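Coordinates in review
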Amino acid sequence: MNYDMIDSRLLTAPNDPEVGRRLVRLQELGLGGTPDPEFDAFATELAEAADAPYAMVNFIGENEQYFAGLHVPGSVQADALKAAQSSSNATPSRTMSRDHGYCPHVVVRRKALVLDDVCSYPRFAVNPVINSIGVRAYMGAPLIDRTGTALGTICVVATEESRWGRPGLELIKSMAAKMVDMIHQRER
């Protein structure tokens with residue numbers, strides 16, 4: 001594939017008409033701006049279930065994504081959490097531009113997405129996360145709450161091609177339902 005010929009529009013996140021509603025709902029729920037130990041534990045469970053090195057519970061704002069739940073391999077996890085606790089601002093390990101990654105597409109589509117090899121899809125092969133953190137496979141599902149608002153996503157990322165396929169799709173959808181139930185429990 002000749003990446004020099006890629007349309008620059010492929011590098012940006014899709015138009016998100018629901019962002020205003022999402023921001024109001026996230027504020028009502030008290031979600032989206034701080035690390036959450038329960039969401040970190042969920043991300044670890046998700047990473048193990050998908051046999052992936054990275055997993056996130058991701059809330060998407062107007063300009064950035066915030067990983068309230070994060071699982072990264074080995075000691076990097078401890079370092080990321082330590083940095084998040086010692087800083088009043090979100091750390092780079094917990095935030096990402098809305099134009100990077102695949103979760104903004106999942107939120108706008110409102111459907112789960114499994115990319116066993118992101119390089120096989122022109123729209124996704126040019127995403128900056130491929131070179132910056134070595135993403136090669138992605139699987140994510142939207143977190144749609146009881147009001148019908150897509151709050152964000154859960155996702156897993158691998159640095160090698162995967163074979164998640166249809167079983168992975170079912171896994172990520174069932175785990176998203178579990179996370180939405182956790183969010184609803186907090187609301188009560």
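Residues numbered from 1 in each chain as written. Predicted model: local features only at pLDDT ≥ 70, side-chain atom pairs only at ≥ 80, totals over all residues. Heavy atoms only, no water.

**Observations concerning the overall build of the protein**
Worth spelling out the cut-off: For helices the rule is a DSSP run of H or I covering at least 4 residues; for strands it is a run of E covering at least 2, with both sets numbered from the N terminus onward. Exposure categories follow from relative accessible area, calculated using a 1.4 Å probe and restricted to protein chains: below 20% of the type maximum is buried, above 50% is exposed, and the middle band is partly exposed. Any two residues whose heavy atoms approach within 4.5 Å are treated as being in contact. Computed by Shrake-Rupley with a 1.4 Å probe, the accessible areas treat only the displayed protein chains as cover when residues are assessed.
What the protein contains, in helices and strands, is seven helices and six strands. Ordered by position in the sequence, the α and β elements of the protein form the string α-α-β-β-α-β-α-β-α-α-β-β-α. Split into buried and exposed, the 188 residues of the protein put 49% on the buried side. Sequence separation of 24 or more characterises 70% of the internal contacts of the protein that already satisfy a separation of 6 or more. A total of about 9,500 Å² of accessible surface is found on the protein, and carbon and sulfur atoms cover 51% of it.

**Brief notes about helix α1 (residues 19-29)**
Spelled out, the test is: This arc corresponds to the set of directions leading from the helix axis out to the C-beta atoms.
Restricting attention to buried positions, one finds in α1 the residues Val19, Arg22, Arg25, Leu26 and Leu29. Viewed end-on, α1 has its buried residues packed into an arc of 125 degrees, placing them on one side of the element. When the buried face of α1 is taken as reference, the exposed residues oriented beyond 90 degrees from it are Gln27 and Glu28. For α1, the elements touching its buried residues are β1 (54-60), α4 (103-109), β6 (150-158) and α7 (165-187). Just downstream of α1, Gly30 is the residue with a positive phi angle, here 70 degrees.

**Re the pairing of strand β2 (residues 64-71)**
Stated formally: Paired strands are those between which DSSP finds at least two bridges.
With seven of eight residues buried, β2 lies mostly within the body of the structure. Bridging between β1 and β2 involves six bridges; their strand directions are antiparallel. If you follow Ile60 over to β2, its bridge partner there is Gln65. In textbook terms, the turn of a hairpin is the stretch between consecutive antiparallel strands, and for β1 and β2 this stretch comprises three residues. Where β2 meets strand β3 (residues 95-97), three bridges bridge the pair, whose relative direction is antiparallel. If you follow Gln65 over to β3, its bridge partner there is Met96.

**Topic: the pattern of salt bridges**
Our working rule: For this analysis, a salt bridge means a side-chain nitrogen from Lys or Arg found within 4 Å of a carboxyl oxygen belonging to Asp or Glu.
Counted by the stated rule, this structure contains 14 salt bridges. Between Glu18 and Arg110 there is a salt bridge, with its nearest N and O atoms 3.0 Å apart. You can see Glu18 sitting in the segment before α1 and its partner Arg110 sitting in the loop between α4 and β4 (113-115), a full 92 residues away along the chain. Looking at Glu18, the relative accessible area reads 12%, which means it is buried. By relative accessible area, Arg110 is classed as partly exposed at 34%. The closest approach of N and O atoms between Asp40 and Arg94, which form a salt bridge, is 3.1 Å. Remark: Arg94 occurs in the loop between α3 (74-86) and β3 and Asp40 occurs in helix α2 (residues 37-50); sequence separation between them is 54 residues. Accessibility classification places Asp40 together with Arg94 in one group, the buried group. Because the salt bridges share partners, they merge into one network encompassing Arg25, Glu28, Asp145, Arg146 and Glu187.

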